[in-house]
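Residue-level listing of the chains:
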Amino acid sequence: ADCRYTCHQECRSLIQLDCRRPGQWQSQLSPESTLLPPRSQNVTQTVEEEKPEPPTVQEIKQKIEKYNAKVTNCLLMKLNDDGTYTGFIKVHLKLQRPVTVPAGIRPQSIYDALKEVNLAEMTDKRTSFYLPLDAIKQLHISSTTTVSEVIQGLLKKFMVVDNPQKFALFKEMRKDGQVLFQKLPLTEYPLYLRLLAGPDTDVLSFVLKENETGEVEWDAFSIPELQNFLMILDKEEKDKIQQVHRKYERFKQRLQQTLKEARGKPG
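Residues numbered from 1 in each chain as written. Predicted model: local features only at pLDDT ≥ 70, side-chain atom pairs only at ≥ 80, totals over all residues. Heavy atoms only, no water.

Time to look at the nonpolar core. Counting 30 residues, the largest nonpolar core has Ile 89, Val 91, Phe 167, Leu 169, Phe 206 and Leu 208 as its most contacted members. Of all the secondary-structure elements, those providing two or more residues to this core are α2 (57-70), β4 (85-93), β5 (99-102), β7 (135-142), α4 (147-157), β8 (167-175), α5 (190-197) and β10 (205-210). Ranked by residue count, the leading element in this core is α4, at five residues. Sequence-distant contacts of Phe 206, defined by excluding residues within four places in its chain, comprise Ile 89, Lys 90, Val 91, His 92, Leu 169, Phe 170, Leu 184, Pro 190, Leu 193 and Arg 194. (Core = buried A, V, L, I, M, F, W, Y, C linked by side-chain atoms within 4.5 Å. Buried < 20%, exposed > 50% of the residue type's maximum accessible area, 1.4 Å probe, protein only. Helix = DSSP H or I, 4+ residues; strand = E, 2+ residues; numbered from the N terminus. Contact = heavy atoms within 4.5 Å.)

So, in structure tokens, the structure goes:
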């Protein structure tokens, strides 16, 4: 009220002022007494967006009917008696770094999936390799399935033993000719986003990528993982060198052939 000091609303409890009035010293004032009245103070406040009310069962039913009417394949959504619903989502895998999987393990069979057999736990041997770029995996999930559970489910299907925190699920959208990516929180429900966007994957699609939180934290990898990374990089380097050698060898042969043909011509 005297020095007109202003601060952020969340900083009020941290402020300590020793204000001086003209001609006299004033004792230390509390933060509350140095702030302008709430209606006129110049403060920065974090405005929390009001979360919309969860849709009713009837609204979900209408959305599912509208969604299924646009489906061109058999991947329909189904409403359950308890108000939850199930459906399919497709996830594009766009991983730039190799993943770690058990070594010498056969592919998971239908029997293993039904019995929830974890083949990754059957061996301590590990190896690393690159998943096919932009591979697509289709998942049948529920409306209560979170992003965290989708990531864990994908890793389990590919028998990837890396920490799930190394990965993140993004939603890919196209707007004004641009491709936009937005990282989804672990508590988000992908099937609900699919329902709102409709079945068209050009409007919305899901992408699994590395969880880029800044520089790579190599300490998070084990020694065998790091050794496998070096082996893969060495192989890539050798392959690249061979490609360059072959390229210039072909160029050299064409150049020599052209010179040979030119010598036999007058002028």
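Don't stop here, the text continues.
Let us now look at the side chain of Glu 172. Within the element layout of this structure, Glu 172 appears in strand β8. For Glu 172, a relative accessible area of 5% gives the class buried. Within the structure, Glu 172 has its side chain in polar contact with the side chain of Arg 174 (distance 3.2 Å). Setting aside residues up to four positions removed in sequence, Glu 172 forms contacts with Lys 94, Val 179, Leu 180, Phe 181, Val 203, Leu 204, Ser 205 and Val 207. (Polar contact = N/O pair within 3.5 Å; in protein donor to acceptor, adjacent residues only side chain to side chain.)

Attention now moves to the packing of aromatic side chains. Counted by the stated rule, this structure contains zero aromatic pairs. Directly above the aromatic system of Phe 158 lies the positively charged group of Lys 137, at a separation of 5.8 Å from the ring centroid. Over the aromatic face of Phe 170 sits the side chain of Lys 209, whose NZ or CZ is 5.2 Å from the ring centroid. (Phe/Tyr/Trp six-rings, centres within 6.5 Å; stacked < 30°, edge-to-face > 60°. Lys NZ or Arg CZ within 6 Å of the ring centre and 35° of its normal.)

For the protein, mean pLDDT is 77; residues scoring 70 or higher make up 69% of the total. Low pLDDT, under 50, characterises residues 21-49; the stretch is placed with 41 contacts to residues that sit more than four places away or in other chains. For residues 109-115, every residue scores under 50 in pLDDT, and the model assigns this stretch five contacts once sequence neighbours within four places are set aside. (pLDDT = per-residue confidence, 0-100.)

Regarding α4, the residues found buried are Val 147, Val 150, Ile 151, Leu 154 and Leu 155. Buried residues of α4, viewed axially, fall in a sector of 130 degrees; they line one side. Its buried side turned inward, α4 meets β4, β7, β8, α5 and β10. Just beyond α4, the residue with positive phi is Met 159, at close to 55 degrees. (Arc of directions from axis to C-beta.)

Here we come to helix α6 (residues 223-263). Helix length check: α6, at 41 residues, gives a terminal C-alpha distance of 60 Å against a target of 60 Å (1.5 Å per residue), a fit within 8%. Against the buried residues of α6 lie β5 and β6 (126-129). (Expected span 1.5 Å × (residues − 1).)

Counted according to the given criterion, the structure contains four salt bridges. Here Glu 172 and Lys 94 are joined by a salt bridge, their closest N and O atoms 3.6 Å apart. Linking Glu 172 in strand β8 with Lys 94 in the loop between β4 and β5, this pair joins segments that are 78 residues apart in sequence. Its salt-bridge partner being Glu 172, residue Arg 174 comes within 3.2 Å of it at the nearest N-O pair. Since its relative accessible area comes to 46%, Arg 174 is described here as partly exposed. (Salt bridge = Lys/Arg side-chain N within 4 Å of Asp/Glu carboxyl O.)

A few words now on the environment of Tyr 189. Note that Tyr 189 resides in the loop between β9 (178-183) and α5. Judged by relative accessible area, which is 37%, Tyr 189 ranks as partly exposed. Note: C-alpha distance between Tyr 189 and Val 150 (39 residues apart in sequence) is 9.3 Å. Not counting residues up to four positions away in its chain, the partners in contact with Tyr 189 are Ser 143, Thr 144, Thr 145 and Thr 146.

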